[in-house]
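# A structural walkthrough
Each chain, written out:
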Amino acid sequence: MAEQPALGFAGLLRQLRAEAGLTQEELAEAAGLSPRSVSDLERGINRTARKDTAVLLGGALGLAEPVRPLFVAAARGLVPAAEVLGAVREARPRVWNIPARNPGFTGRDNLLAQVREQLLAGDKAVVQALHGMGGVGKTQLAAEYVHRFAGTYDLAWWINADQGGLIGDQVAALGLALECVQPGVGTEAVRATVLAELRHRGRWLLVFDNAEDPADVAPWLPGDGGHVLITSRQRGWDEVATPVEIDVLARAESVAILQTRVTELSGAKADQLAAELGDLPLAIAQAAGFMADTGMTADEFLGLLRTRAGQLLAQGAPGSYPRSLAAATGLIADRLARQDPAAAQLASMCAFLAPEPIPVSLFTAAVSVLPTELAARAADPLAWRQTLAHMTRQSLARIDHRGLQMHRLTQAILRERLTPAQAAATRKCAEALLAASNPGDMPNPVTWPRWARLTPHVLTADLAATESPALRELAGHTCWYLIERGDIRAAHDLANRLRQQWRDRLGEDHEDTLAAAHFLAWALLEMGRYAESRDLNQDTLGRRRRVLGQDHPETLYSAHNLAITLRKLGDIEAARDLDQDTFERHRRVLGEDHRSTLRSANILAHDLRELGEVQAARDLNQDTLDRRRRILGQDHPDTLASAGNLATDLRTLGELQAARDLDQDTLDRRRRILGHDHPDTLASAANLATDLRTLGEADDGP
């Protein structure tokens, strides 16, 4: 009998590829090589491979770490190919149908370690449900786990569980591999026999991939003796498994994937791409593949992503994923629309808000602006929570104590799936929702937590094109809030953008354009750019006097701000004259206790002190402080502004101890209410330090 020729590397590669269930083209794609190079190696045209080529092939074939170095050595002709095959047989469980390993898998080490530790912990944790939104890498994580820990199992079996009715056929295939069932046996007999066989074995692993319903999987869980991984977009696995939520990649992991596939990509551009893609693994893989295949630059890709994300993310899936991100998201959205149209409406509305958490109260507090069915749900606490559950169970969004949160790419894909008419109606509804949620009272810190939650969604709205006066007013109030909060740069940038956009669209004299100009001038004032602020305030005041009238509150706001800039620029008498006129108009039109009147009084007192009329300033500041304490409370920022001004008057008049006590109280309150770094807090600290130095108590500084 003729002796069989020794196994060469070409035969080894063909055999390992066949066992992995890959064609030459699929192996080449997974390894990032050309099909010709794989073909030449398998045909023996190239008898050996370069080290880097062998490393890529070993990863694409899913070879475990103890085997992969041997494979690389065999590829270079350093060890016999048969030795590699023997090592593969020893390292891999005898019963095995796991998909090929993804050679591009990066990171997730902590998550894999967590899954491993929990599986080894026993009890209920032997069943782990990896859940999360589409494209977050649940299947990839499960496959990597199996390959990484293959040597610790005697059996590893993969079950596609997206159709519950087909699970039985795949368990029957496992039974045939275990030789414990015969072909053609009924489903119940398969279940009883295979599960009993597994319970008598140890060191087995089952993976139920892309499961939809716990009820589909629960009957097929063997119980003792091994481990189970479940991947699912759905939540609600607590009764049968320990849930493990899979989140997006860490930024460093996203950057590493992008730079590995697109070698000319700089770290800064990779970071920018990862941010725009929201670190979603499937989106990162699609972007890397598309850019590598087409030669598209990062800037070109970013431009398309911002304008045509849905189309861009429909451009095929990487070989390690079953479908593109757009296709996967579309399937989920279609299923939700069939099962619960109101929940699908809610998802569409979320797509027009920011990717930051959306307070649930945004919807329940503005029921009247919602579509009919969704409004009925939002008005009923039980039905509303069920609607939220329907949407989040599909992993289109997540929910926690902060509210609903939807990934930015999911939002983009959902928006692009709408017809122009549907998109316009949904956007209009989202704008009405925001406008109805205006917290108001911008200077009051009590409202700031609500403003902080709302502001990202205001900034995401199409403020340039909106037809909603209420939304434009909300945008102006957002500028006001940012200034009061001390975020002057953000206020400046927003007001500047709004002024330019509304001036081009609505006209120079439109009241919303003038409001944006007012807030821009205010921000310039706070930034110390006094001449620019003065010029813009003068222009805005002139237009408001002509359009709105001399006594309109908005006109008086502009006069108020212009006077401040005049004083800052040294024209104190002009500032005093304008402030005196503004104060008298406020008092006549709005009354002595109105907040705008009190603000005018506060500024007029400042002018009087600058002109040397300190006693008159003291009297006016004392009266204003008393009124503000009564109307606004002791801790309101306006009240504290009056307290700080009165303390300055007292110090100037020589009442040093009274000034010190008032400055100390004001500083304590501002630190508690505004924070240690707010500009007003820092001003109070400086004032108190002056008091202490004057009193010879410098060592007791704030």
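What this report covers is the structure whose coordinates are included nearby. Bear in mind the structure is a predicted one, so any value in this text is a computation, not a measurement.

With that out of the way, let us pick up the sheet that holds strand S2 (residues 127-131). Within the open sheet, the six strands sit side by side as S1-S3-S4-S5-S2-S6. Their pairing is parallel. Each edge of the sheet is formed by a strand with only one pairing partner; in this case those strands are strand S1 (95-96) and strand S6 (242-245). The pairing of strand S4 (residues 204-209) with strand S5 (residues 226-232) spans five bridges and is classified as parallel. Across the sheet, the residue bridging to phenylalanine 208 is isoleucine 230, located in S5. The strands touched by helix H7 (residues 109-120) are S2, S5 and S6; relative to S5, the strand with the most contacts, the crossing angle is about 135 degrees. With respect to the sheet, helix H9 (residues 167-178) is in contact with S1, strand S3 (155-160) and S4, its orientation differing from that of S3 by roughly 160 degrees.

This part covers the nonpolar core. One finds Leu346, Phe363, Met391 and Leu404 to be the most contacted residues of the largest nonpolar core, which totals 72 residues. Residue contacts for methionine 391: discarding those within four places in its chain leaves Leu336, Ala343, Leu346, Ala347, Cys350, Leu396, Ala397 and Leu404. Counting residues in each nonpolar core, the second largest holds 57 residues, with Ile98, Tyr153, Val207 and Leu277 among its members.

Let us now look at the packing of aromatic side chains. One pass over the structure, following the stated rule, counts ten aromatic pairs. Centre to centre, the rings of phenylalanine 363 and tryptophan 384 are 5.7 Å apart; their planes meet at 45 degrees, and the pair counts as tilted. Here tryptophan 384 lies in helix H20 (residues 381-393) and phenylalanine 363 lies in helix H18 (residues 361-364), a separation of 21 residues in the sequence. A single burial state applies to phenylalanine 363 and to tryptophan 384, both of which are buried. Here a set of aromatic residues connected by ring pairs shows up, and it is made of Trp480, Phe519, Trp522 and Tyr557. Between arginine 116 and the ring centre of phenylalanine 149, over which it is positioned, the NZ or CZ distance is 4.7 Å. The lysine or arginine in question, arginine 191, covers the ring of tryptophan 220, its NZ or CZ lying 4.6 Å from the ring centre.

Our focus in this paragraph is the pairing of S3. Of all six residues that make up S3, five are buried, and the element is covered over most of its length. Where S1 meets S3, two bridges bridge the pair, whose relative direction is parallel. Counted as the bridge partner of valine 95 is leucine 155 from S3.

Before going further, it helps to examine a negative patch on the surface. There is a patch of like negative charges on the surface, built from Glu25, Glu26, Glu29 and Asp293. The element that contributes the greatest number of residues to the negative patch is helix H2 (residues 24-31), accounting for three residues. Relative to the helices and strands, glutamate 25 resides in helix H2. For glutamate 25, a relative accessible area of 49% gives the class partly exposed.

Here we take up unusual backbone geometry. Its identity is not glycine, yet asparagine 210 carries a phi of approximately 60 degrees, on the positive side. Secondary-structure assignment places asparagine 210 in the loop between S4 and helix H11 (214-217). Of note in this structure, aspartate 441 is not a glycine but carries a positive phi near 45 degrees.

Before going further, it helps to spend a moment on helix H34 (residues 679-694). Under the 1.5 Å per step criterion, the end-to-end length of H34 is 23 Å for 16 residues, consistent within 8% with the ideal 22 Å. Among the residues making up H34, those that are buried are Thr681, Ser684, Ala685, Leu688, Asp691 and Leu692. Down the axis of H34, the smallest arc covering the buried residues is 120 degrees, so these residues share one side. Looking at the buried residues of H34, the elements they touch are helix H32 (637-652) and helix H33 (656-674). Just downstream of H34, glycine 696 is the residue with a positive phi angle, here 75 degrees.

Before going further, it helps to spend a moment on the pairing of S2. A large share of S2 lies buried, amounting to five of its five residues. The two faces of S2 match: Val127, Ala129 and His131 on one face and Gln128 and Leu130 on the other face are all buried. By the bridge criterion, five bridges tie S2 to S5 in an arrangement that is parallel. Looking at the pairing, glutamine 128 lines up with leucine 229 of S5. Here four bridges tie S2 to S6, and the two strands are oriented parallel to one another. Its bridge partner lying in S6, alanine 129 is registered against proline 243.

What counts and what doesn't
Residues numbered from 1 in each chain as written. Predicted model: local features only at pLDDT ≥ 70, side-chain atom pairs only at ≥ 80, totals over all residues. Heavy atoms only, no water. Pairing = 2+ DSSP bridges. Helix = DSSP H or I, 4+ residues; strand = E, 2+ residues; numbered from the N terminus. Contact = heavy atoms within 4.5 Å. Axes fitted to C-alpha atoms, helices over the stretch in contact; angles between N-to-C directions. Core = buried A, V, L, I, M, F, W, Y, C linked by side-chain atoms within 4.5 Å. Buried < 20%, exposed > 50% of the residue type's maximum accessible area, 1.4 Å probe, protein only. Phe/Tyr/Trp six-rings, centres within 6.5 Å; stacked < 30°, edge-to-face > 60°. Lys NZ or Arg CZ within 6 Å of the ring centre and 35° of its normal. Patch = residues over 30% accessible without salt bridge, like charges linked within 9 Å, V, L, I, M, F, W, Y side chains within 5 Å. Areas by Shrake-Rupley, 256 points an atom, 1.4 Å probe, with all protein chains shown as cover. Salt bridge = Lys/Arg side-chain N within 4 Å of Asp/Glu carboxyl O. Lys, Arg positive; Asp, Glu negative; His and termini not counted. Charge placed at Lys NZ, Arg CZ, Asp CG, Glu CD. Expected span 1.5 Å × (residues − 1). Arc of directions from axis to C-beta.

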